[in-house]
Amino acid sequence: MGSQLSVDESVKVVIIGGGFAGKAAACDLKSNGIPFVLVDMKDAFHHNVGALRASVESGFARKTFISFEESFHDNFKQGKVVGINLETQHVLLESNEELHFSHLIIATGSDGPFPGKFNQISSREAAIQQYEDLVNEVKKAKHVVVVGGGSAGVEMAAELKTDYPEKEITLIHSKVALADVDLEPKVRQALKEILLKKGVKLVLGQRVSNLEELKMNKACENTELHLDKDPEVIKADLVICCTGLKVNSACYGTALGDKMGNDGSLRVNEFLQVDGHTNIYAVGDCANLTGPKMAYLAGVQANLAVTNIINSVTGKCLKPYKSESPKRAEHGVAEDCLTPLHSPPYIAEEHQSDLRTLLKNAELQKPPPRTLLLF
Ligand SMILES: Cc1cc2nc3c(=O)[nH]c(=O)nc-3n(C[C@H](O)[C@H](O)[C@H](O)COP(=O)(O)OP(=O)(O)OC[C@H]3O[C@@H](n4cnc5c(N)ncnc54)[C@H](O)[C@@H]3O)c2cc1C
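Basis of the calculations
- Residues numbered from 1 in each chain as written.
- Predicted model: local features only at pLDDT ≥ 70, side-chain atom pairs only at ≥ 80, totals over all residues.
- Heavy atoms only, no water.
- UniProt positions renumbered as here; feature names shortened; annotations may be inferred.
- Helix = DSSP H or I, 4+ residues; strand = E, 2+ residues; numbered from the N terminus.
- Buried < 20%, exposed > 50% of the residue type's maximum accessible area, 1.4 Å probe, protein only.
- Contact = heavy atoms within 4.5 Å.
- Areas by Shrake-Rupley, 256 points an atom, 1.4 Å probe, with all protein chains shown as cover.
- Polar contact = N/O pair within 3.5 Å; in protein donor to acceptor, adjacent residues only side chain to side chain.
- Pairing = 2+ DSSP bridges.
- Axes fitted to C-alpha atoms, helices over the stretch in contact; angles between N-to-C directions.
- 1 Å grid on protein atoms, 1.4 Å probe; cavity = no way out; pocket = protein on both sides within 12 Å on 5 of 7 lines; lining within 4 Å.
- Points joined across faces, edges and corners; volume = space filled by probe spheres on them.
- Nonpolar A, V, L, I, M, F, W, Y, C, P; charged D, E, K, R; others polar.
- Disulfide = S-S within 2.5 Å.
- Phe/Tyr/Trp six-rings, centres within 6.5 Å; stacked < 30°, edge-to-face > 60°.
- Lys NZ or Arg CZ within 6 Å of the ring centre and 35° of its normal.

- The chain appears in an unreviewed UniProt entry as Ferroptosis suppressor protein 1 from Leptobrachium leishanense.
- Under the UniProt heading Function (unreviewed entry), the entry covering the chain gives this text: "Putative FAD-dependent oxidoreductase."
- Reading the Sequence similarities (unreviewed entry) entry of the UniProt record for the chain gives the comment "Belongs to the FAD-dependent oxidoreductase family."

Okay, here's the thing in structure tokens:
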């Protein structure tokens, strides 16, 4: 715990987004006694590193959602931020409520399809139920198709085959190499071999041309998937989409559009302040920083943003961000300072498939990637 600081009563920090970055900032502000409000669409922190395990194992999702209110009480507000007024220094919620800030931390992260991501206005119980529903749909299906062979799709296919070796699992990917583009070719090749050895059928270099028409995550016999190059029609009982993640820029696009990179992430200076704004910080997946997009690093950046807010209001020098090596990130990701401390393990020991271990080890050897990384 940091010591309680005495700051000017005009100081009020608003954090948009309670993912790994936002909750780390909130923990820090709380322990330093700085007034803050954390805003998230969900009423619970989602440990989404375990999201795909929660899609196949009943009861696991409950370990991956942790109530914000228990940790942050009145400092948490459930709501969707729809805009930022830079002039009046207000954050606008969908409910029309406005929250004034002296300092703003933008931590809206990235978005993608369920089950890899769960960015919805939802209660903890409803979120858990959605994963339990998917577990039941998986149980019913004889043939599951995973669309998208990036890191999430590879992990999803492996989770399915690990728990259900008897089910037919097909992974369809638009490229020939699987997983993250920045992984070494030999690692991507090894992943392919492991999946094949486990019995996953791979359809590579092809796109599903009727993806928009398909009902995802719901068991439905003889669902037909059409490919863009091959006339073969794949029939499945369940389709799970694991296609690419995108930076979640919706709430700041209007106010800070001129500060955004091509992928929607916010350009920040060495102190993690958004270009041209000394009181607005961007951290985690939505910050335009080099280095892997990882849970642990999101937390490190959030901690630095809070340090710099404290330093700026107490007349001290700001600290620059030094990107950390993926190795450190790999080991630190399980850190979680939410109270009560009941976050799930980074990856439960018994579920560490050889495939995931390989991916994680590979992460240690590769240079920092330019794109979003899932592992
Ligand atoms: C399937 C999967 C597996 C992964 N595995 C690993 C791993 O093994 N190791 C690792 O280090 N990283 C892993 N990652 C990456 C890691 O999850 C991200 O780097 C990390 O979540 C980034 O944290 P963040 O706080 O920046 O963003 P996010 O976790 O995306 O959180 C953003 C939060 O902001 C909220 N939000 C967004 N917009 C609004 C709005 N307008 N109003 C209110 N709230 C809003 C969302 O609800 C969400 O809670 C994985 C990612 C996925 C998808």
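**Some thoughts on the overall build of the chain**
Stage number 1. On a plain count of helices and strands, the chain comes out with 10 helices and 18 strands.
Stage number 2. Counting across all 375 residues of the chain, residues that qualify as buried make up 55%.
Stage number 3. For the chain, the proportion of contacts with a sequence separation of at least 24, taken over those separated by at least 6, is 66%.
Stage number 4. Here the chain has roughly 16400 Å² of accessible surface; of this, 50% comes from carbon and sulfur atoms.

**Brief notes about the side chain of K293**
Stage number 1. Here K293 shows up in the loop between strand 18 (280-282) and helix 8 (295-313).
Stage number 2. A distance of 2.5 Å separates the side chain of K293 from the backbone oxygen of A287, its partner in a polar contact.

**Quick look at the sheet that holds strand 11 (residues 143-147)**
Stage number 1. Spatial ordering of the open sheet is given by 13-12-11-16, a layout of four strands whose pairing is parallel. Edge positions in the open sheet fall to strand 13 (201-204) and strand 16 (238-241), since each of these has one partner strand only. This sheet shows a mean twist of 20 degrees between the axes of neighbouring strands, independent of strand direction.
Stage number 2. In this structure, strand 11 lies alongside strand 16, joined through four bridges in parallel fashion. Within the sheet, the bridge partner assigned to V144 lies in strand 16 and is L238.

**A look at empty space enclosed by the protein**
Stage number 1. Scanning all chains against the criterion turns up two cavities of 30 Å³ or more.
Stage number 2. Volume-wise, the largest cavity comes out at about 50 Å³.
Stage number 3. Surrounding the largest cavity, G284, D285, L289, T290, G291, P292, K293, M294, L297, A298 and Q301 form its lining.
Stage number 4. Residues of the lining of the largest cavity, tallied by class, amount to five nonpolar, four polar and two charged.

**Looking at the state of the cysteines**
A covalent bond between the sulfur atoms of two cysteines is what we call a disulfide.
Stage number 1. Summed over all chains, the structure comprises zero disulfides.
Stage number 2. Considering cysteine sulfurs only, C286 is the nearest to C251, which forms no disulfide, with 8.1 Å between them.
Stage number 3. Of the residues examined, C286 reaches a relative accessible area of 0% and is grouped as buried.

**A closer look at the packing of aromatic side chains**
Stage number 1. Scanning all chains against the criterion turns up nine aromatic pairs.
Stage number 2. Between K23 and the ring centre of F45, over which it is positioned, the NZ or CZ distance is 5.5 Å.
Stage number 3. For the cation-ring pair, K167 lies above Y164, with the distance from its terminal atom to the ring centre recorded as 4.6 Å.

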